[in-house]
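What follows is each chain in one-letter form.
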Amino acid sequence: MTNVFDDPRITAVGLLYEAHAGLSARFAAQLEEHGLSQVEFEVITRLTRSPGNQLRMTDLAAQTSLSTSGVTRVVDRMERDGLLTRRACPNDRRSSYAVVTASGMQRLDETLPGHLRIIEQWFTGQLEPEALAALLDGLRRVRDAVHPGATAGSTEQEMTDDCDPT
């Protein structure tokens, strides 16, 4: 009799969960040394990878696993810590941007070398270049299918269009 749990689909998801849990634990410890939670690091990283080091709050929520109210709470906390600031959208008063401050960039600069070492040691360094390229392709396909808003507001044109109410 075939064991249903030998199904490669279950194995794939199980391995993904296990890899995520292992990497998350290593990241959490390293980020804590720099006074950042994993979600704060995700927010500041997504902002610095966006045009002008900023995103509309709604786009930031779409790119993360946070609700709009969750993003508001995180941005409030990070703004109190001086890592981010808010900027009003000039064409739409209903929208605002979360923007990385100089202090936020400095914190990221201090945190990133250790973060990259963990990535290299425990993730990308475990794979040959061809395997990494295939994994990235596969992960993008899955991400785009299950989280289509993951790149919301990530281009200059989207930022301009999103802020324009017309």
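Considering helix 4 (residues 68-80)
For step 1, the next point in the chain: Over its 13 residues, helix 4 extends 18 Å from the first C-alpha to the last, a length consistent with the 18 Å expected when each residue adds 1.5 Å.
For step 2, the next point in the chain: The complete set of buried residues in helix 4 reads Gly 70, Val 71, Val 74, Val 75 and Met 78. What you see down the axis of helix 4 is that its buried residues fit within an arc of 130°, all on one side. Exposed positions of helix 4 whose direction lies more than 90 degrees from the buried face are Arg 73 and Arg 80.
For step 3, the next point in the chain: Turning to helix 4, the residues buried within the fold contact helix 2 (38-48), helix 3 (57-63), strand 2 (84-88) and strand 3 (96-100).

Description of the packing of aromatic side chains
To describe a pair of aromatic rings, you give the distance between the ring centres and the angle between the ring planes.
For step 1, the next point in the chain: A full pass over the atoms with the stated rule returns 0 aromatic pairs.
For step 2, the next point in the chain: Lying over the aromatic face of Trp 122, Arg 26 brings its terminal NZ or CZ to 3.9 Å of the ring centre.

Here's the deal with the sheet that holds strand 3
For step 1, the next point in the chain: Spatially, 3 strands are ordered 1-3-2 in an open sheet, and the strand pairing comes out antiparallel. The sheet is open, and its two borders are formed by strand 1 (54-56) and strand 2, each paired with just one other strand. Geometrically, the sheet is characterised by an average inter-axis angle of 25° between neighbouring strands, direction not taken into account.
For step 2, the next point in the chain: Examined bridge by bridge, strand 1 and strand 3 share 3 bridges and lie antiparallel to one another. Bridge pairing in strand 3 places Gln 54 opposite Val 99.
For step 3, the next point in the chain: Lying over the sheet, helix 4 contacts strand 2 and strand 3, oriented at roughly 115° with respect to strand 2.

Here's the deal with the pattern of salt bridges
For step 1, the next point in the chain: Using the criterion set out here, one finds 8 salt bridges in the structure.
For step 2, the next point in the chain: In this structure, Asp 76 and Arg 86 form a salt bridge, with 2.8 Å as the shortest nitrogen-oxygen distance. With a gap of 10 residues between them, Asp 76 in helix 4 and Arg 86 in strand 2 connect regions that are remote in the sequence.
For step 3, the next point in the chain: For Arg 143, the salt bridge goes to Asp 144, with nearest N and O atoms at 2.7 Å.
For step 4, the next point in the chain: Taking relative accessible area as the criterion, Arg 143 reaches 29% and is therefore assigned partly exposed.
For step 5, the next point in the chain: Ionic contacts of the salt-bridge type, sharing partners, join the residues Asp 76, Glu 79 and Arg 86 into one network.

Parameters and conventions
Residues numbered from 1 in each chain as written. Predicted model: local features only at pLDDT ≥ 70, side-chain atom pairs only at ≥ 80, totals over all residues. Heavy atoms only, no water. Helix = DSSP H or I, 4+ residues; strand = E, 2+ residues; numbered from the N terminus. Expected span 1.5 Å × (residues − 1). Buried < 20%, exposed > 50% of the residue type's maximum accessible area, 1.4 Å probe, protein only. Arc of directions from axis to C-beta. Contact = heavy atoms within 4.5 Å. Phe/Tyr/Trp six-rings, centres within 6.5 Å; stacked < 30°, edge-to-face > 60°. Lys NZ or Arg CZ within 6 Å of the ring centre and 35° of its normal. Pairing = 2+ DSSP bridges. Axes fitted to C-alpha atoms, helices over the stretch in contact; angles between N-to-C directions. Salt bridge = Lys/Arg side-chain N within 4 Å of Asp/Glu carboxyl O.

Distances and angles like these do not, on their own, reveal function.
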